[in-house]
Every structure is written in structure tokens, then in C-alpha cells.
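# Structure at a glance
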Amino acid sequence: MEKMYHIDLDDAMIEGAQVVLMPGDPFRVEHIAKEIASRFGGETQKLAWHREYCTYLARTGDRNFLVTSTGIGGPSTAIAIEELAKIGVRTFVRVGTTGAIQDHLEIGDVVITTGAVRLDGASKDYAPVEYPAVADHNVVSALIEGSRAAGIAYHVGITASSDTFYPGEERSDTYSGYVLRRLKGSTDEWSSLNVLNFEMEAATLFTMTSCLGLKGGCITAVINVRGIQGESVTRDALEIGESNLIKASVAALEFL
Ligand code: URA
């Protein structure tokens, strides 16, 4: 088999790994792979880094795991899922950061998403809007068990996946400061409908994995609580969130 065009991997390179953890940020990949090796034993190897797609293999003795970054948003995530599925990966777990829109969530808590509001565009190329963007229930259970095992506070529920960080998440601290009429009040509306958080990839991942017969999950760490911190994200919040996220998601691998 030839190497996949974007991710620069072929089936032999991944040595039978069927589960991938998928952060958005390529610079988070090595850190996650090392946490897998430190928790389960074994070693890590950098396999490829092309554009936003950085991949490490973690060999733990009895199982191999992949960690591949998606970049930000649905379109780049869809490419990663397509190409990884073609070389044999079957379980896709997004491991990211998020802005909470419920005040009872705190910085550093994790959100385990059961279903995503499809505010993205990419998922519409895979299934009509009536098709639900839902996680695989076994992956949800494993993420819950992993968060418990790692001692990280977690919340389970619905996430809204937008295509833009700024207007799509109703931020007005932008160049123009303008938010379209149809997006004004959208945060309050999703919050009233018991949506927990905003992020940018879960809807694409869940729609694709469900309609392609694959398994999908999503765990994100809260780095901003919109009703409390407003629109901005601080470096400290990011550090706490990333640390908890990595501990909980890696602990979940034991239950997958
Ligand atoms: N990711 C998002 O999409 N929104 C946030 O507020 C934080 C991370």
C-alpha cells in the first residue's frame, strides 16, 4: 500500500494499531505518546509529521496505540479519519480543549461528549443534517472509567461543534467586533438546551465514525468558562486543562 497523501503513513507503519488518540495540536502528540508509554510501559516512535498531521506510535508490549493530530476544525479532522481508517484504524478518540457554557463546569474538568450539535460543515458531506452525531457508547464508558481512574472531575453530555472559534462561538473580541444576527444569543440558547460546551471537531468525528461503521469518542478539557471568564483563554487554564486531559484520556485506553 502507498503512503496516505496527507498523513504520510501506510498500513505497515502503524504495526496493527487500531485505536488513535487525536489532539488538535501537533505539539501535543509526543507528550500524549510518552504518557501512554509511562502508564503502560513500552516505547514511543515518531512516524510522520506532514502539515498539521503529526503521528507517534506507542508500543506497550501487548498493544500498539497511535496518536495523530487533526489540526483545528472539521475539514482537517475528516482527512485524518479517512486516511487512518484506510490503513486499519477503527477507534477514533478526540482529545482536545473546550469552552464551557454551563457555570457548574470548572477549569480543568473534562467533558465526555455523548452527542454533538452539528454546527460544522464537514459532516454534511458525509450524512444529511437529520443524521445524529453520536459517540460510540463503549468509548464513552471507557472515557468515564479513565477519568475516574485518573481522579479527574468529569461531565457527560452534549457538545456544540462550531466551524469558527470566533463568531461560531459568539465571540465579539474580534477584528470587526461584529457577530451575525443569527449567531447573537446562540450561546444562551445552547446553554438553555443543556449543551455543556463548545469545541470544533466532535460533530465531524461522530458523524463520520457512525456512518462509516467505526467507533468514535471525544474528551475535552475545560480551559474557559464563558459565563465566568468571558471570551478569553489564559495560559494557566490551558496548562491545567492539558495536563488533566492527557491523564484522563490515556487512563481510558485500559478500558477500550
Ligand atoms: N476550544 C474552543 O473551540 N473554544 C474554546 O473556548 C476553547 C477551546
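Refer to the structure presented above.
Position numbers for residues start from 1 in each chain and track the written sequence from start to end. Since the coordinates come from a predicted model, pLDDT governs what is reported: local features require at least 70, and pairs of side-chain atoms require 80 or more to be given and counted, while whole-chain, interface and lining totals use all residues. Hydrogens and waters are ignored; side-chain quantities use all the structure's heavy atoms.

## Section: the overall build of the chain
This is how the line gets drawn: By the criteria applied, helices consist of DSSP H or I runs no shorter than four residues and strands consist of E runs no shorter than two, each listed in order from the N terminus. Only C-alpha atoms enter the radius of gyration, while the globule expectation follows 2.2 Å times N to the 0.38, with N the number of residues. Any residue under 20% of the maximum accessible area for its type is buried, any over 50% is exposed, and the rest in between are partly exposed; the area is computed with a 1.4 Å probe on protein chains only.
From N to C terminus, the chain includes seven helices and nine strands. A globule of 256 residues ought to have a C-alpha radius of gyration of about 18 Å, and the chain, at 17 Å, matches this closely. Taken along the three principal axes of its C-alpha coordinates, the chain extends 50 × 40 × 35 Å. Looking at the chain residue by residue over its 256 residues, the buried ones come to 57%.

## Section: the pattern of salt bridges
Counted only if it meets this: One speaks of a salt bridge when a side-chain nitrogen belonging to Lys or Arg is within 4 Å of a carboxyl oxygen belonging to Asp or Glu.
A full pass over the atoms with the stated rule returns nine salt bridges. The partner of Arg59 in a salt bridge is Glu15, and the shortest N-O contact between them spans 2.8 Å. Placement of the pair is Arg59 in strand β3 (residues 53–59) and Glu15 in the segment before β1 (19–22), with a sequence separation of 44 residues. One salt bridge in this structure joins Glu201 and Arg94, with 2.9 Å as the shortest N-O distance. With Glu201 in the loop between β8 (195–199) and α5 (202–212) and Arg94 in strand β5 (residues 91–100), this pair connects stretches of sequence that are 107 residues apart. Here the two residues Glu201 and Arg94 agree in accessibility, since each one is buried. Connected through shared salt-bridge partners, Glu15, Glu43 and Arg59 make up one network.

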